[in-house]
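Take a look at the letters that make up each chain.
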Amino acid sequence: MAQYFEVHPDNPQPRLLKQAAQILHGGGIAAIPTDSSYALVCHLDDKAAAEALRRIRQVDERHHLTLLCRDLSELASYARVDNRQYRLLKLATPGPFTFILEATKEVPRRLSHPSRRTIGLRVPDHRVTQELLALFGQPLLATTLIAPGETEPLNDPHEIRARFEKLLQAIVDAGACPMQPTTVIDLSGDVPVLVRQGRGDAAALGLALD
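No experiment lies behind these values; they were computed from the predicted model shown.

Rules used in this analysis
- Residues numbered from 1 in each chain as written.
- Predicted model: local features only at pLDDT ≥ 70, side-chain atom pairs only at ≥ 80, totals over all residues.
- Heavy atoms only, no water.
- Salt bridge = Lys/Arg side-chain N within 4 Å of Asp/Glu carboxyl O.
- Helix = DSSP H or I, 4+ residues; strand = E, 2+ residues; numbered from the N terminus.
- Buried < 20%, exposed > 50% of the residue type's maximum accessible area, 1.4 Å probe, protein only.
- Disulfide = S-S within 2.5 Å.
- Expected span 1.5 Å × (residues − 1).
- Contact = heavy atoms within 4.5 Å.
- Pairing = 2+ DSSP bridges.
- Patch = residues over 30% accessible without salt bridge, like charges linked within 9 Å, V, L, I, M, F, W, Y side chains within 5 Å.
- Areas by Shrake-Rupley, 256 points an atom, 1.4 Å probe, with all protein chains shown as cover.

1. As for the pattern of salt bridges
- On inspection of all chains with the given rule, the structure shows six salt bridges.
- The closest approach of N and O atoms between Asp35 and Arg122, which form a salt bridge, is 2.8 Å. Of this pair, Asp35 sits in the loop between strand 2 (30-32) and strand 3 (39-43) while Arg122 sits in strand 7 (residues 118-122), and the two are 87 residues apart along the sequence.
- What makes Asp35 buried here is its relative accessible area of 5%.

In structure tokens form, the structure reads like this:
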């Protein structure tokens, strides 16, 4: 049964976020707000938690999971980034973008794409997410909270509680999110490729994407 934490969206209570972080350190799965929609998150290094996260979403190992990072300083440990890519990342973060990048050896093979050795990375622009990441002390493994068989991300924490309370260990309620997934840009090849148009404006990054 999920513990339910109601936090202020602009000034989240550290005591509550610390409890949520402890649950994640203990192998729990949490629903948290981001700058695009609610997301499911778990500990990066917990294999059982990552498998449970995929089961809840009903996605297989070919579905890119994303690393939520506090800032770009954390990216170098998990992705190979050249100067051109870094300039683009700096322009787009924090914000509602997910970038697919070549994974480093630090990323467990089970978390990267099985055939391409890539990983999704993003730096969310949401106070609660940022504070939780700071208290947690490392990136979180994440996926957009979309119910199996549906296409739209969930936005109402009370609905998330009603539908997923028995499957999650924590729900962080900071009110409604924009309810639009991130824009996904693949930077693993020679030219950037727009995988999904979402909340982030790719044109604002100066990209002429297909």
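2. Section: unusual backbone geometry
- Cis geometry marks the peptide bond from Thr93 to Pro94, where omega comes out at -5 degrees.
- Secondary-structure assignment places Pro94 in the loop between helix 3 (83-92) and strand 6 (97-103).
- Its identity is not glycine, yet Gln58 carries a phi of approximately 60 degrees, on the positive side.
- With respect to the helices and strands, the residue Gln58 is situated in the loop between helix 2 (47-57) and strand 4 (66-68).
- With a relative accessible area of 64%, Gln58 lands in the exposed category.
- Although it is not a glycine, Met179 adopts a positive phi angle of roughly 65 degrees.
- In this structure Met179 comes out as partly exposed when scored by relative accessible area, which is 38%.

3. As for the state of the cysteines
- All told, the structure shown has zero disulfides when counted by the stated rule.
- In this structure Cys69 is not part of a disulfide, and its nearest cysteine sulfur, from Cys42, lies 14 Å away.

4. Some details on helix 1 (residues 14-25)
- In this model helix 1 runs 16 Å from its N-terminal to its C-terminal C-alpha over 12 residues, within 8% of the 16 Å that 1.5 Å per residue would give.
- Check the buried side of helix 1 and you find it contacts strand 1 (3-6), strand 2, strand 3, helix 4 (127-136), strand 8 (140-144) and strand 9 (170-173).
- Of the residues flanking the end of helix 1, it is Gly27, one or two places downstream, whose phi is positive at about 100 degrees.

5. Here's the deal with the pairing of strand 11 (residues 193-196)
- Sheet topology note: the strand 10 (residues 183-186)/strand 11 ladder contains three bridges and is antiparallel. By the bridge assignment, Val184 is partnered in strand 11 with Arg196.
- Between strand 10 and strand 11, which pair antiparallel one after the other, the connecting turn spans six residues.

6. Regarding a nonpolar patch on the surface
- Where nonpolar side chains cluster on the molecular surface, the patch consists of Val191, Val193 and Val195 and spans about 260 Å² of accessible area.
- Mapped onto the secondary structure, Val193 falls in strand 11.

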